[in-house]
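Read off the chains here:
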Amino acid sequence: MVVAIGFEGSANKLGIGIVRDGEILANCRRTYITPPGEGFLPRETAEHHRENIHEVLKEALEQSGLKPDEIDVVCYTKGPGMGAPLSVCAIVARTCALLWNKPILGVNHCIGHIEMGRLITQAHNPTVLYVSGGNTQIIAYSRQRYRIFGETIDIAVGNCLDRFARVLKLSNAPSPGYNIEQMAKKGKNFLHLPYCVKGMDVSFSGILSFMEDKIDELLKDYSPEDLCYSLQETIFAMLVEITERAMAHCESHEVLIVGGVGCNVRLQEMMGIMCSERGAKIFATDERFCIDNGVMIAHAGALAHASGTRMDFKDSTITQRYRTDDVFVTWRED
Amino acid sequence: MCEEFKLLKQGAEAKLLVCNYLGKPTLIKERFQKNYRHPDLDQTITKERIKNEARSIVRCKTIGVKTPTLYLVDFERRRIYMQHFENSITAKDFIINTKKLETGDGSANFNMLCQKIGETVRKLHENSIIHGDLTTSNILLIDKNPASKDVKYLEQDNIELVMIDFGLSHTASNAEDMGVDLYVLERAIISTHNDCPDLFPRILECYQNIKTMNKSYNIKEVINKFEEVRVRGRKRTMVG
């Protein structure tokens, strides 16, 4: 039995979670929200995490009802992510590990999402669509690695949505993507936008610059709701298409959607239609687990720890660039 | 005119039906409706892809890259009718089989295949055709000599490459698009054939070492762009 605590702070979410063998004992989170029209920057985000991390840690320990000496391993996000916020969590995690005299383990953020999704949904060996503010990847497992079949060749889908929300000056609370989703429900007129699929890869920067350059003109003929609707329909169609390609390629019959954009109901709905048409199953989670959280880091770390992965204290660094397929998966036997 | 439909395969975006059209073995590629996407978007994408596919097939013919012969395009029913190669194997299966035979990466088969793929992709690019979905599943190997009934791919001189699936293709003569095309191939190979790490580097080497036929084609520029796309994709930071 492994009890693990996980620290996550790779972007504007700060989360701490505690798990015991897949059972969630605590899941606490704070989000750094910027004013409309602005994105979050590394320095301010790190400041937010520094100000909140002790409170969140206390809250998590209280929620779990555990004492520090009952924890077996301290996990933190090693990367990918923004450097400054990552290092805030890494420092606190290292301090805890030393104070409590426990081993420390760095976890890949993307692997955290995947393992969390598999735990919650009980999907067995799914093709994974990982969509968030910083990542857009189609992933499938093969021979001890999560291999990337397709991904964005420029910006991430969440980044495209966030920046479009800034163009329209939408609120960043609770998240720009959520507000676009709500507006899109009221959209009626469909505007044709650049549709860019290259093999199993996608590109979103063309759509974004099209919108940014022409926004004044577009707003004469289309309402902001129409634009949100058209944007969602287009980029989600691209994502579903490459997911379907990857499934056909790997002969897979399960899809798991993870990452912040994964809680978008319209994306889940479109993916569901695609799956039902090819006799496949779809798995998705809600905002508690889709959006960055500490539990996923704790859970992925616990799996790695239980299967013998160890990290020297001197290696407990962070890295802004850390690919999903860099991780050697020791905890899966298939 | 057309008889005996048989469903060969249902791919991600099309049904493949085999039939006999005007006395010839024919493959019907039907891009069925995708209910998950907006009907307008679906219509546009489908029409666009049928057009791309038909155009590129014809273009390939004129430059001497083998593709299935185009028989009929039916926009109404979202179909393309084309030549069906009954005795063919995908490059994907060929590589997997070769690997199974334990002849390894260094075998003559591998070298021959890399050479042919490199050559063919280069030829497409020099003639401004961007395939858009280069994978080892979209490359077929056929027997050059149609007389023999069994497909024996061990005789290197008797193999011909057939390029298929031009739905995502377009014409362009800029280095960026060619770089992306190579990158797509690299990604496909890394994910499909992760036990053959030499495969793509060798294809790229062959691609680079071919004498240019087209003066406006600049191999250096293409390779530079390819490297650039690679950095953009593989080493992207989260900060956008």
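Model, not experiment: these values are computed from the prediction. (Residues numbered from 1 in each chain as written. Chains lettered and ligands numbered in written order. Predicted model: local features only at pLDDT ≥ 70, side-chain atom pairs only at ≥ 80, totals over all residues. Heavy atoms only, no water.)

Student: Give me the overall build of chain A: which residues, what numbers.
Tutor: A count of helices and strands for chain A gives 10 helices and 12 strands. Its C-alpha atoms give chain A a radius of gyration of 20 Å, within 12% of the compact-globule value 20 Å for 334 residues. Counting only C-alpha atoms, chain A reaches 65 × 45 × 30 Å along its principal axes. For chain A, buried positions account for 61% of its 334 residues. Excluding contacts between residues fewer than 6 apart, the proportion of contacts in chain A whose partners are at least 24 apart in sequence is 78%. (Helix = DSSP H or I, 4+ residues; strand = E, 2+ residues; numbered from the N terminus. Rg over C-alpha atoms; globule rule 2.2 N^0.38 Å. Buried < 20%, exposed > 50% of the residue type's maximum accessible area, 1.4 Å probe, protein only. Contact = heavy atoms within 4.5 Å.)

Student: Can you explain the sheet that holds strand β5 (residues 104-108) of chain A? Please cite residues and give values.
Tutor: Residue and element names in this part refer to chain A. Taken together, five strands build an open sheet; the order of strands is β3-β2-β1-β4-β5 and the sheet is mixed. Sheet topology places β3 (23-31) and β5 at the edges, where each strand pairs with a single neighbour. For this sheet, the mean inter-axis angle between neighbouring strands, taken without regard to orientation, is 20 degrees. Here helix α2 (residues 83-100) sits on the sheet and contacts β1 (3-8), β2 (13-20), β4 (73-79) and β5; the angle it forms with β4, its principal contact strand, is near 160 degrees. Relative to β1, helix α10 (residues 294-306) is tilted by about 135 degrees, and along the sheet it contacts β1, β2, β3, β4 and β5. (Pairing = 2+ DSSP bridges. Axes fitted to C-alpha atoms, helices over the stretch in contact; angles between N-to-C directions.)

Student: Go over the state of the cysteines, please, and point to the residues and values.
Tutor: All names here are of chain A. Evaluated as defined, the whole model comprises zero disulfides over all chains. As a non-bridged cysteine, C96 has C89 as the owner of its nearest cysteine sulfur, 11 Å distant. Left unpaired, C275 is separated from the closest cysteine sulfur, that of C250, by 14 Å. (Disulfide = S-S within 2.5 Å.)

Student: Residues and numbers for the interface of chain B and chain A, please.
Tutor: Listed per partner, the contact involves 36 residues of chain B and 48 residues of chain A. Counting the surface lost from both chain B and chain A, the interface buries some 3,700 Å², and carbon and sulfur atoms represent 51% of this. Counting across the chain B and chain A interface gives seven salt bridges. Between E151(A) and R187(B) there is a salt bridge whose closest N-O contact spans 3.1 Å. Mapped by element, the contributors of at least two residues to the side of chain B that touches chain A are α1 (39-63), α4 (175-192) and α6 (219-234) of chain B. Sort the elements by how many residues they give to the side of chain B that touches chain A and α4(B) lands first, with six residues. (Buried area = accessible area lost by both parts, 1.4 Å probe. Salt bridge = Lys/Arg side-chain N within 4 Å of Asp/Glu carboxyl O.)

Student: So what's going on with the UniProt feature "binding site: substrate" (unreviewed entry) in chain A? Which residues, and what values?
Tutor: Residue and element names in this part refer to chain A. Residues given the UniProt feature "binding site: substrate" (unreviewed entry) here are Y130, V131, S132, G133, G134, D162, G177, E181 and N264. With respect to the helices, strands and loops of the structure, D162 is situated in helix α4 (residues 157-167). Apart from the residues within four sequence positions on either side, D162 is in contact with P176 and G177. Following the sequence through the fold, N264 ends up in the loop between β11 (254-258) and α8 (265-277). By relative accessible area, which is 6% here, N264 ends up buried. Excluding anything up to four places from it in sequence, N264 contacts E181, Q232 and F236. Reaching out from N264, the side chain makes a polar contact with the side chain of Q232 at a distance of 2.9 Å. (UniProt positions renumbered as here; feature names shortened; annotations may be inferred. Polar contact = N/O pair within 3.5 Å; in protein donor to acceptor, adjacent residues only side chain to side chain.)

Student: Let's hear about unusual backbone geometry: which residues, and what values?
Tutor: All names here are of chain A. Omega for the peptide link from G79 to P80 comes to -5 degrees, which places this bond in the cis form. Checked against the element boundaries, P80 lands in the loop between β4 and α2. With an omega of -5 degrees, the peptide bond running from A173 to P174 counts as cis. The residue P174 is located in the loop between α4 and α5 (176-184) in this model. At K169, a position not held by glycine, the phi torsion is positive, near 55 degrees. Checked against the element boundaries, K169 lands in the loop between α4 and α5.

Student: Before we move on, could you go through the pairing of strand β6 (residues 127-131) of chain A and cite the residues and values that matter?
Tutor: All names here are of chain A. Burial analysis of β6 places five of its five residues in the buried class, which makes it a mostly covered element. Burial along β6 is two-sided: the residues T127, L129 and V131 and V128 and Y130 are all buried. Alignment of β6 against β11, held across four bridges, turns out to be parallel. Directly across from Y130, in β11, lies its bridge partner V258. What sits between β6 and strand β7 (residues 136-142) in their antiparallel hairpin is a turn of four residues.

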